[in-house]
Each structure stands twice: as C-alpha cells, then as structure tokens.
Amino acid sequence: MKNTASTLAATSPAARSSAIPATFALYAKRAFSPVLVLLVWELVCRMGWVEAQLLPAPSAIIARLFEIAAGSEFWQNFGITLYRLVVSLFIAVIVGVALGLVAQLSRFSAAMLDAFVRLVAPIPKIALYPALILILGFENSSKITLIVADAMFPVLMATWSAARSVDQKLIWSARAAGTSRAACLWKVTLPAIVPTVLAGVRVSGVIACVVVFLAEMIASTDGLGHMLTMAARAYKTVDMFVPLIWICAVGLALNSLIGFVQRKLDHEG
C-alpha cells in the first residue's frame, strides 16, 4: 500500500508540475557552457581579433548551414554517412554482445577472448584502413568494417564485464530447470545486463561518429567527411564547419536516444 501511495503521489499533477522547472533547470545548466563558448566566439569574431578566413563567426556558420541544407547534394551526402553509421553500429553491437556472451561458455572461450582483446584493442584501427581499402575497395564495405572494428570493443567489454557479475543463483536455477548453458546466456544473462550493455553502446556510438568521419575524409567520394575535405581544399573555412556541426548533431541525437532507452529500462527495472 505504501509503494502504491508513493507511486500515485509521484505521478500526481502537482508532482509533474514541480518536475518541469527542475528539468528545465537541468537542461539550462547543461547548455550554459556551450552557449557561453558560442557567445565568446561570436564576440571575438565581431571585434576583429581573428580573421574571418581563419575562424568564421558562429552566426556566419549557421547561415551557411541553412544555405547548404537547401540543396539536394548535401542530403545525399548526409544520408550516406548516416547509413554507414547506423549499419556499422548495429553490426558492432551484435558482434560485441555475441563475443561477450560466448566468453561465458567456458574458461577456454574466456581465455581466447581475453587474448584477443589484449592483442587487438590497443591497435589504432585507422592504421588498418589502407589494407581494408586494398581488400574491400573504396566503397561502403571498407568503411563499415573499419567502424565495426573500432566501435565493437566498448560493447564487448561492457557485455563481458556485466555477464561475469550476474547472480549465479539465477543461472543455477535455470540450469536446474533443464535450460542449456547456451540458452541461459540468451534467457537469463542477456536480459540482466541490458542496461550495462547500453552504456557501452553509448560509447560505441561516439566512436562510430568519429571513425566514419575520418574514413570519409581519408578516402571517399561522398559523405560528410568528404564534404569537409573538399571545403578544406578550396579554402572555404565556413563550409568546413557545416559537416562538423551535422556529425556533432547526429552524435548528440544518437547518444540522447540510447540514454533515453537506458533510463527507461532502469525505471522499469
């Protein structure tokens, strides 16, 4: 009864109305630093302390952003980058979760995964990009492979660490009921570690945004990274900031979406 009463009190109109100012204050605190940086940046440019060719004002960048967004070519490049990012992150999550769970099957599989992580994780994956281009070509395959190779490790480590901390009594109970060891991973371990895995996915999302942009800058004929490279070669400083803003917006949206799902699961749990 007490839990029911507290739940009703928390969901009452008065409680919801009092939560709105608190939420607004939280977002205001988060936005204070970026807004302050933009204001100082704008002031420095307006005062002429930095040449516009070297550092354009935020107002000029925003105006150019809307101007470029009016063309279809931009949205084609944006769609290509978004496709590479989403597909790569999806594959990275699947591979990372699968490897992290498989390591729980036996001591041998755990030892093999430990050796793999120690050997491969420290390698800067961007150094492998020329070899991937030679093997897979300049199209999406080489870029997606590079992103997956870099973005899967946070998910893998989060899955592996969380799976080892699952209460063994739950697994023993499932095993006593006739559930196989492999089925336990899917029916018991995975549901218990989803919130922790999502924390790893948030990190992987940031890494994927960085790597897809680098890959498109190094060797691509399309995408946001290619747009920045073309603008840099033409000495168009303002145009260089436009793809940076968009990849930042994509990363922020992706992080917010995963964070929302994570909070939803924590609340329901």
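Conventions used here
Residues numbered from 1 in each chain as written. Predicted model: local features only at pLDDT ≥ 70, side-chain atom pairs only at ≥ 80, totals over all residues. Heavy atoms only, no water. Helix = DSSP H or I, 4+ residues; strand = E, 2+ residues; numbered from the N terminus. Contact = heavy atoms within 4.5 Å. Areas by Shrake-Rupley, 256 points an atom, 1.4 Å probe, with all protein chains shown as cover. Patch = residues over 30% accessible without salt bridge, like charges linked within 9 Å, V, L, I, M, F, W, Y side chains within 5 Å. Salt bridge = Lys/Arg side-chain N within 4 Å of Asp/Glu carboxyl O. Buried < 20%, exposed > 50% of the residue type's maximum accessible area, 1.4 Å probe, protein only. Axes fitted to C-alpha atoms, helices over the stretch in contact; angles between N-to-C directions. Parallel < 35°, antiparallel > 145°, perpendicular 65-115°, else oblique. Left-handed = near helix turned anticlockwise from the far one by under 90°. Arc of directions from axis to C-beta.

It is worth spelling out the overall build of the chain at this point. Helix and strand content of the chain: eleven helices and zero strands. Each helix and strand of the chain, placed in order from N terminus to C terminus, yields the pattern α-α-α-α-α-α-α-α-α-α-α. The contacts of the chain with a sequence gap of at least 6 include a subset with a gap of at least 24, amounting to 72%. Accessible surface, the chain: about 16,300 Å² in total, of which carbon and sulfur atoms supply 71%.

For the rest of this paragraph, the subject is a nonpolar patch on the surface. On the surface, a cluster of nonpolar side chains totalling about 470 Å² of accessible area is made up of I126, V206, V210, L214, M217 and I218. Secondary-structure assignment places L214 in helix α9 (residues 181-218). Given the relative accessible area of 38%, L214 is considered partly exposed.

Attention now goes to the packing of helix α4 (residues 72-102) against helix α7 (residues 140-164). Their axes nearest at 7 Å, the elements α4 and α7 cross at an angle of 40°. Our classification of the angle between α4 and α7 gives oblique. Of the two elements, α4 crosses α7, and the hand of that crossing is right-handed.

Along helix α6 (residues 129-136), the residues classified as buried are Y129, L132 and I133. Axial view of α6: buried residues confined to an arc of 105°, hence all on one face. For α6, exposure combined with an orientation more than 90 degrees from the buried face picks out P130, L134 and I135. Downstream of α6 by one or two residues, G137 has phi in the positive range, about 90°.

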